[in-house]
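Single-letter residue listing:
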Amino acid sequence: MSYVKPKFRHPNLPTNRRGYTVADYDGAISTLCAGCGHDSISAAIRNACFKSAIEPHRIAKVSGIGCSSKMPTYFLGKSHGFNSVHGRMPSVATGASLANRDLTYIGVSGDGDTASIGMGQFVHLVRRNLNMTYIVANNGCYGLTKGQDSATADIGSIAKGGAVNPFEGIDLASLALLQGASFVARSFSGDKGQLEPLIRAAMAHKGFAFIDVVSPCVTFNNHAGSTKSYAETREHLAPMPVDFVPMRDEITTTYDPGTTQAVTLHDGSVIHLQKAANGVKTDDRTAALLRMQEARDEGNILTGLMFLDPNQADLNQVLNLATTPLNKLGKDELCPGSKVLKSINEGLR
Amino acid sequence: MKQIEGVNDFVVKFANVNGTGSASANHLFAKAIFRMGIPVSPRNIFPSNIQGLPTWYEVRVSKNGYLGRRGGVDFMVCVNPQSMEKDIAAVAPGGYFLYDNTKPLAPHMKRDDITMFGIPLTEMCMREYANPRLQQLLKNVVYVGAMAALIDIDFRVLKDLLNDQFKGKEKLISSNVHALEMGYQYATENFQCPLPIRLESGVNLASHILESDHILMNGNTAAALGAIYGGATVAAWYPITPSTSVVDAFAKYAERMRIDAGTGKKNFAIVQAEDELSAMGMVVGAGWNGARAFTATSGPGLSLMSEFLGLAYFAELPVVLINVQRSGPSTGMPTRSQQSDVLAAAYASHGDTKHVLLFPATPSECFEMSAQSFDLAEQLQTPVILMTDLDLGMNDWMSPPLEWDDNKELNRGKVLDAEGLDTAEKWGRYLDVDGDGICYRTLPGTHPSKGAFFTRGSSKNEFAVYSESGEDYVQNVDRLLRKFETAKGYVPQPKTHPPIEVKRRKTKLKIGALFFGTSASPAYEAVEMLADEGYPIDTMRIRAFPFHNEVDQFIHDHDVVFVIEQNRDGQMRQLIMNECQIAPDKLKSVLNYSGTPITARHIAGKIRETIGTKKAKVVALKREKA
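Figured I'd write up the structure that's included with this text.

A word on the layout of surface pockets. Taken as a whole, the largest pocket spans an internal volume of roughly 1,400 Å³. Residue lining of the largest pocket: 50 residues in total, with A:Thr73, B:Phe454, B:Arg456, B:Ala464 and B:Tyr466 positioned closest to the centre. Every element with two or more residues in the lining of the largest pocket is listed here: helix H2 (67-70) of chain A together with helix H11 (299-315), strand S17 (454-456) and helix H16 (470-488) of chain B. Residue contributions to the lining of the largest pocket peak at 5 residues, all from H11(B). When its residues are assigned to classes, the lining of the largest pocket shows 21 nonpolar, 18 polar and 11 charged. No fewer than three residues from each of domain 2 (217-399) and domain 3 (418-488) of chain B sit in the lining of the largest pocket. Quantified by volume, the second largest pocket comes out at close to 870 Å³. As for the second largest pocket, its lining consists of 33 residues, of which A:Ile54, A:Thr104, A:Met203, A:Ala204 and A:Asp267 are closest to the centre. Those elements that provide at least two residues to the lining of the second largest pocket are strand S3 (104-110), strand S4 (132-138) and helix H7 (192-204) of chain A. Here the lining of the second largest pocket takes 4 residues from H7(A), the largest share from any one element. Classifying every residue of the lining of the second largest pocket gives 11 nonpolar, 9 polar and 13 charged.

Attention now moves to the sheet that holds strand S20 (residues 537-541) of chain B. All names here are of chain B. With respect to topology, 5 strands assemble into an open sheet ordered S18-S20-S19-S22-S23, the strand pairing being mixed. Two strands in the sheet have a free side with no partner beyond their single neighbour: strand S18 (495-496) and strand S23 (587-591). Note that strand S22 (residues 560-565) and S23 share 5 bridges and pair parallel. Its bridge partner lying in S23, Phe-562 is registered against Lys-588. Against the sheet, helix H17 (residues 520-532) touches strand S19 (511-515), S20 and S22, its axis set at about 170° to S20. Most of the contacts of helix H20 (residues 600-611) go to S23, to which it runs at about 145°, and overall it touches S19, S20, S22 and S23.

What follows concerns the pairing of strand S12 (residues 270-274) of chain A. All names here are of chain A. The buried fraction of S12 is high, at 4 of 5 residues. Sheet analysis places strand S10 (residues 242-245) next to S12, joined by 4 bridges and oriented antiparallel. Bridged to Val-242 within S12 is Leu-273. Bridge count for strand S11 (residues 260-264) against S12 is 5 bridges, and the pairing is antiparallel. Counterpart to Ala-262 in the pairing with S12 is His-272. Here S11 folds back onto S12 in antiparallel fashion, the turn holding 5 residues, of which Gly-268 has a positive phi close to 100°.

The rules behind the values
Residues numbered from 1 in each chain as written. Chains lettered and ligands numbered in written order. Predicted model: local features only at pLDDT ≥ 70, side-chain atom pairs only at ≥ 80, totals over all residues. Heavy atoms only, no water. 1 Å grid on protein atoms, 1.4 Å probe; cavity = no way out; pocket = protein on both sides within 12 Å on 5 of 7 lines; lining within 4 Å. Points joined across faces, edges and corners; volume = space filled by probe spheres on them. Helix = DSSP H or I, 4+ residues; strand = E, 2+ residues; numbered from the N terminus. Nonpolar A, V, L, I, M, F, W, Y, C, P; charged D, E, K, R; others polar. Domains from an automatic or database assignment. Pairing = 2+ DSSP bridges. Contact = heavy atoms within 4.5 Å. Axes fitted to C-alpha atoms, helices over the stretch in contact; angles between N-to-C directions. Buried < 20%, exposed > 50% of the residue type's maximum accessible area, 1.4 Å probe, protein only.

As structure tokens, this is what we get:
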């Protein structure tokens, strides 16, 4: 890895529909370890935003604390970002979204940030179906404090020092499903062919979109015996390919109707999923839970889109929030004035 | 026996069982006195319980308009056998005691130095009403009726109030009025009415009371209304006594005043969070994104919010927190009042932090300061904590009417819009171009290529780039201190009054008294008591932290300064010692931390003891003899 990011860009870089090049979605140079899975996720987010042609300044990035939560610095340098408090990104994202419902919110968290210190906020965020994309870069360990097991470490996984994890790991994707998440996916940082379309679909989805991304820690959790190493993940990966066609694009690829399933999102975009042998259905929450549990029992990591309900009411709808963002309202809309106050005084005599 | 006498000047206390409907009957009593134009201050002293425990309601009637607690009880109304023995003992000699004599009073409880009135409340209600719930509820209304006869409450006013309260429910009105009449009739037939302590409209009242158009309102409702007028759009909270009614009231007003006329949709969002950490996180997120947001909490919630308060201080985000203080530490006495979060709020969070605090003393100040706090939070880009307490928040206070200047604009502070970013010569989120410590912020989504930055709780340079350089860090935190200095000019000034003229001055000492919030009313009263005794005391009511320089000056100008507050450790005194250049010896604490609001008599007594007045010596002598 390099410590100085070259400013030079190819003069003829292709632009997206809104005239931005992929470089417009770059962030600062990563300070994570060379080979960290998280950098691949950053790249996938960058590419997804570029391809979906979302204007960088209309995106807001939020994160908690940890290696994962440093990531937003390393993509979308033209977007506002907020690296908040450990485990508390969900609440910050909620407040931000209530203030301005018009932006696209991407939250990046880690397994410690979400499954341990942030568990309380996470499940409540899921319940509220906040309109945002929530990515967990899941490596089963605490990187910044040098490799302690996290709550998503699988039972029996061996830490770098040789200790065997005696506790059951928390499966965040299953948990999100149980708590009523409207979009649940799992992916692998090394599978950009799947991760990018998933992120694009998540951003197009109106409601809470959760993506659990297995993202190996090259420094503390990439050895033999770890269930979240690159080698182990690759060996046990059971991926379901995903393709994403945004609302405006013409569908050019032809899919054999027997092998794929198309799911239309709220904004008109379409996700194409390759059907697995047993027939994938993304609209059945119970079946999705069962499928994930079965894969887990077999020691496999099932990736792809697990569940999607494009019509579930999001928090804005539940609160019956006005369409004008709250942060755009001025004195006239907000302050009832002295005449009203006079009548309130009358009622208090 | 000499009976206590007085027109429009006494204390009545009601002893009830909670959950029996006594609160609304007692409120009826207090509101009737208020409607008669006589200054009244009711206080609910209630347990942390829904049903079955003792609860009290203390009503002070004061012709001079003193709204704090005086101390002592002249008239006790007791319908709770659990607390009866202590309640009887609490009545001042020459006072009055009204009780339910359906069951006879134990002989050892009888006192011959007070006047006792037995009314068979339970028996009367069992006889008159078939519905068991009504039998219980209306018992309370019967004693209000009896009180009307005993102390001369205008019966028409009581009836009007019942009509207002139960508008459209004729049956309820008639059964309530019947209960009132029963009580009234029983009292006139069996007792000599009215008593030497009684009410009379327009008699003996201080001129400022006669001329005023006061309202009766609690501080929590006023603070909520302030949030509406201050332009708050996001409220995130977690239920906790005694702050819950702030958000309840905000919701009520918002549903009325903040619905978009065209669509019926809401121009506000209220989220009941999973805990106080989350509530504060939502406020921080909304403030970062340019909405005016607030939360309301109390002690334990403040502790949980401390981490986020540190972030908001360091990352410079507007936050409004309404802290309705109660007795701590831990769960403490959750339904009792204190001013014991002063230090926890002033320095909330780890590392070097200081927060702007506002100390309202009346409902109208709760309203004004709550509205103002949204301007201050955005102007100063920092948390602003409104420090009220249970006494002010949950009790009804007679207050000047709420006022609003329609010319006032929302002051959003230094926020650059797209045009501002295009014309700015050089912009850095933490670049202090104006020298006041306050920098220009930008909101997400403003400009396609300019103004984006990363907000973080970690150290950064002036351009919001992550930095672990000691130089950058020191420059940043020193600028935050500069900003805190700037805040002195923005926050409400302390209130002083011209020196009190004393006929025969009995001390050479220059005495001062400092206080804030709900300690103010009884403090002013105590100061007048002492002035009558020949001890003039200058007063300063602190209304904000950081302290204005006048606070320093006030202390320097006096030989001894009493700091009157409601906590054990003299927290305001400590804060003053910390922040001002003061010799600690000069500051004398006058404290009360029993959970019930401080009284004027207590304050006067403590001051007398310290300065050695004649009256204090007499009291000490009496004690010695006893």
